[in-house]
Amino acid sequence: MKEEKMASIPWEDCPEGFKGPVWRYSHNPVIARNPNEKLARVFNSALVFYKGAFIGVFRAEDRSGIPHLYVGRSTDGLHFEFEMEPIKFVDENGKPAQSNYQYDPRLIQIEGSYYVVWCDDFYGPALAIAKTDDFKTFVKYDHPFLPFNRNGVLFPRKINGEYVILSRPSDSGHTNFGDIFLSKSKDMTYWGKSRRVMERGWEWWNVTKIGGGVNPIETKDGWLLLFHGVSGTCNGFVYSFGGALLDLNDPSKVVARCSEYFLTPEEDYETRGFVPNVCFPTSALVDKDGRMAIYYGAADTYTALAFSTVDRMVKYIKEHSR
Ligand code: BMA
């Protein structure tokens, strides 16, 4: 596999004396409302290193309010240029395979190709997977999952010869339940050998439902998983995020799960917006020193950024494990 020249990730040092697992970028949000003449809101989006810069698949809503996925590019991870037309997915025969809506993409490189996993309209919300090598042609796998299902995150390599995905079975609406499941596949098409990995927590911040957030990151202590947790209040759902470590060889086993959230809506751009009180992580750039730039959707309105390091998160999870 050709080694990509890695761009420098966005970064701010940890504020002095700060003890938490994650700190926010001081100039958040990185994508504000109406970033261009077409798009009204860009959030819950995913970025990867690409050709010495960054490329991403962005959930964007135009003035119809319908979410679609757009390719966006950035040289610094802070400023973005979006394509003006949404990704037009094709099937394995090159025929159009566009659904009515697409949202909450995750993006990952595995064995030299890029995979987008998102929530697609297939008689309601269901996970879809597409492969691209050039960010021009996106080939959709033929409905790998039944409805209803959301929050698909792929592992960055095969484990014991199989691709592995986490997903969160749901209902067709604003689901008020949800646990994280794992499935395996030899070919990205047929998925099975499913296991339940994590159930919603008893801690208040993740008591209603949980869902995979960022593609798992390999560490010597296990797969680091950032996941969102939701609690129901008399004023609606609150989305926070936390972390867990999964067994390296069998990621259906939880090694440690942090009882505390890493980040919860506190800033104006998280507590006010189209859907207030949402911090929804969907991707992280990790550099060779283990520094992390975590992208999260804020209030279903903005894209925001937070920082940490792999070591800091692993330590925090272990020290605050239930
Ligand atoms: C979830 C998804 C996310 C959204 C979140 C909060 O069910 O639809 O796209 O960010 O709700 O509204």
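This structure is a prediction, so every number in the text was calculated from the model and none was measured. (Residues numbered from 1 in each chain as written. Predicted model: local features only at pLDDT ≥ 70, side-chain atom pairs only at ≥ 80, totals over all residues. Heavy atoms only, no water.)

### Description of the sheet that holds strand β4 (residues 67–74)
Alright, step 1. Ordered in space as β2-β3-β4-β5, the four strands form an open sheet in which the pairing is antiparallel. Single-partner strands in this sheet number two, and they are β2 (39–50) and β5 (81–82).
Alright, step 2. Bridge analysis of β2 against strand β3 (residues 53–62) gives nine bridges, and the strand direction is antiparallel. When the bridges of β3 are listed, L39 appears paired with D62. (Pairing = 2+ DSSP bridges. Helix = DSSP H or I, 4+ residues; strand = E, 2+ residues; numbered from the N terminus.)

### Looking at the packing of aromatic side chains
For any pair of aromatic rings, geometry is given as the distance between the ring centres together with the angle between the planes.
Alright, step 1. Tallying each qualifying case throughout the model produces 22 aromatic pairs.
Alright, step 2. Taking 5.4 Å as the distance between ring centres and 65° as the angle between the ring planes, the aromatic pair formed by W11 and F307 counts as edge-to-face. Placement of the pair is W11 in the segment before β1 (23–24) and F307 in strand β21 (residues 302–309), with a sequence separation of 296 residues.
Alright, step 3. We classify W11 as partly exposed; its relative accessible area is 24%.
Alright, step 4. Aromatic pair F58 and F80: ring centres 5.4 Å apart, planes at 65°, arrangement edge-to-face. Of this pair, F58 sits in strand β3 while F80 sits in the loop between β4 and β5; the two residues are 22 residues apart in sequence, bridging distant segments of the chain. (Phe/Tyr/Trp six-rings, centres within 6.5 Å; stacked < 30°, edge-to-face > 60°. Buried < 20%, exposed > 50% of the residue type's maximum accessible area, 1.4 Å probe, protein only.)

### What about the pairing of β2?
Alright, step 1. Most of β2 is tucked away, with 12 of its 12 residues classed as buried.
Alright, step 2. Linking two consecutive strands that pair antiparallel, namely β2 and β3, is a turn of two residues; a positive phi of about 50° is found at K51 within it.

### Structural notes on unusual backbone geometry
Alright, step 1. Cis peptide bonds are those with omega within 30 degrees of zero, and the linkage from N28 to P29 qualifies with -5°.
Alright, step 2. Omega for the bond connecting P147 with F148 falls within 30 degrees of zero, at 0°, which places this linkage in the cis form.
Alright, step 3. Here F148 lies in the loop between β9 (139–140) and β10 (149–154).
Alright, step 4. Here the phi dihedral of K51 falls at roughly 50°; this positive angle occurs in a residue that is not glycine.
Alright, step 5. In this structure, K51 sits in the loop between β2 and β3.
Alright, step 6. A positive phi angle is found at Y123, which is not glycine, with a value near 55°.
Alright, step 7. You can call Y123 exposed: its relative accessible area is 73%.

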